[in-house]
Amino acid sequence: MANSETTRRRGAVRTAGKAKAPATRKQAPPPTAARPHTVGRGARPTSSSAPLSDRFHAVWASGQLLALVLALLCGGAIAYLLTTAQWQVQQVDLAGTTLTKPEEVVAQSGVSGHNIFTVDPQMTAERLLLLPTIREAQVWSELPNRLIVRIVERQPVLVWQFGEERYLLDANGTVVQQSPPQATMPQLPVIIVREGDTPVVGGKVEQTILQAGLTINTRAAALGLAFQTLEVVPKEGLVLVLAGPTSAPPRRILLGSTERLEEKLAVAAEIVRTDQQWTTLNVHDPDRPFFPPAPTPTPQPSARP
């Protein structure tokens, strides 16, 4: 009995172990069509159906609307400043011009009638430097429509005469002006050139002759030589014509080349102070100056009665 009871219990235990239910898998529900979003009483609205006020507050909070408004305001302000006649250049305040005509400066600047905000002062000053009489230029603007221009002109130091035409030169040999008024060249030395190239306004002349003229102008004044003109004569070279009474024939000093120029001027000044009677003095060689004989006038044939 005991053994059979034991056997029954063991069988029950095995049976109990085998009685465990196998794991089962739930079948997924069949796919269904997507249901449309509906909004009913008590239903939560979706983003696409959010109230307009909520979307406006969202855009405002992001700063996009404010940036758009500011961009429109700035664009309108710029358009107003660039198109209204109040900001167009109507006055050019000019100073420092003597040789240059004011209308030439205004025309060369090219700013008349332009908007004051579109005028580039640096570019305007560079355009003014293209005028041969102007050495420096400063330009700046003042609101609402005023342009300030300050000019430093080239200073003429010589008058260059070629043929019947005269030109003003500065110390660098730049041709500043052609046919200058008499009032602009008082007491300036005159160089009369008989041959060579015709000067061009804005260009430069032959530097050797220019430097000789500047040296003669400086040294002659220090030595007491009052000269009227300096001529550049073919084959004779530099010829200094002294100032004197109009009734007497002009006294001429033949300098020749530019070599030993200061020595030649010093010797000529010594001879001029001796009050000797002469019309031509040759100092080509400053160690051996001499008076060339005056040319004999050619007799004119007498008219027959």
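Residues numbered from 1 in each chain as written. Predicted model: local features only at pLDDT ≥ 70, side-chain atom pairs only at ≥ 80, totals over all residues. Heavy atoms only, no water.

1. What about the overall build of the protein chain?
Now for step 1: Looking only at helices and strands, the protein chain features seven helices and eleven strands.
Now for step 2: Counting the 305 residues in the protein chain, one finds 29% classified as buried.
Now for step 3: Once local pairs closer than 6 in sequence are excluded, the contacts in the protein chain between residues at least 24 apart make up 50%.
Now for step 4: Approximately 21100 Å² of the protein chain is accessible, and the part contributed by carbon and sulfur atoms is 56%. (Helix = DSSP H or I, 4+ residues; strand = E, 2+ residues; numbered from the N terminus. Buried < 20%, exposed > 50% of the residue type's maximum accessible area, 1.4 Å probe, protein only. Contact = heavy atoms within 4.5 Å. Areas by Shrake-Rupley, 256 points an atom, 1.4 Å probe, with all protein chains shown as cover.)

2. Regarding the pattern of salt bridges
Side-chain pairs of opposite charge can arise where the charged atoms are in close proximity.
Now for step 1: One pass over the full model with this rule turns up 13 salt bridges.
Now for step 2: For the salt bridge of aspartate 93 with arginine 146, the shortest nitrogen-to-oxygen distance reads 2.5 Å. Linking aspartate 93 in strand β1 (residues 91–95) with arginine 146 in strand β3 (residues 146–153), this pair joins segments that are 53 residues apart in sequence.
Now for step 3: Residue aspartate 287 pairs with arginine 260 through a salt bridge whose shortest N-O separation is 3.4 Å. Taken together, the residues span a long stretch of sequence, with aspartate 287 in the segment after β11 (280–282) and arginine 260 in the loop between β10 (252–256) and α7 (261–273) at a distance of 27 residues.
Now for step 4: You can call arginine 260 partly exposed: its relative accessible area is 38%. (Salt bridge = Lys/Arg side-chain N within 4 Å of Asp/Glu carboxyl O.)

3. Things to note about the environment of leucine 255
Now for step 1: Mapping leucine 255 onto the fold places it in strand β10.
Now for step 2: For leucine 255, a relative accessible area of 0% translates into the label buried.
Now for step 3: Taking the C-alpha atoms as reference points, leucine 255 and leucine 238, 17 residues apart in sequence, are found 5.2 Å from one another.
Now for step 4: For leucine 255, the residues in contact, after removing those within four places along its chain, are Ile216, Leu238, Leu240, Leu261, Lys264, Leu265, Val283 and His284.

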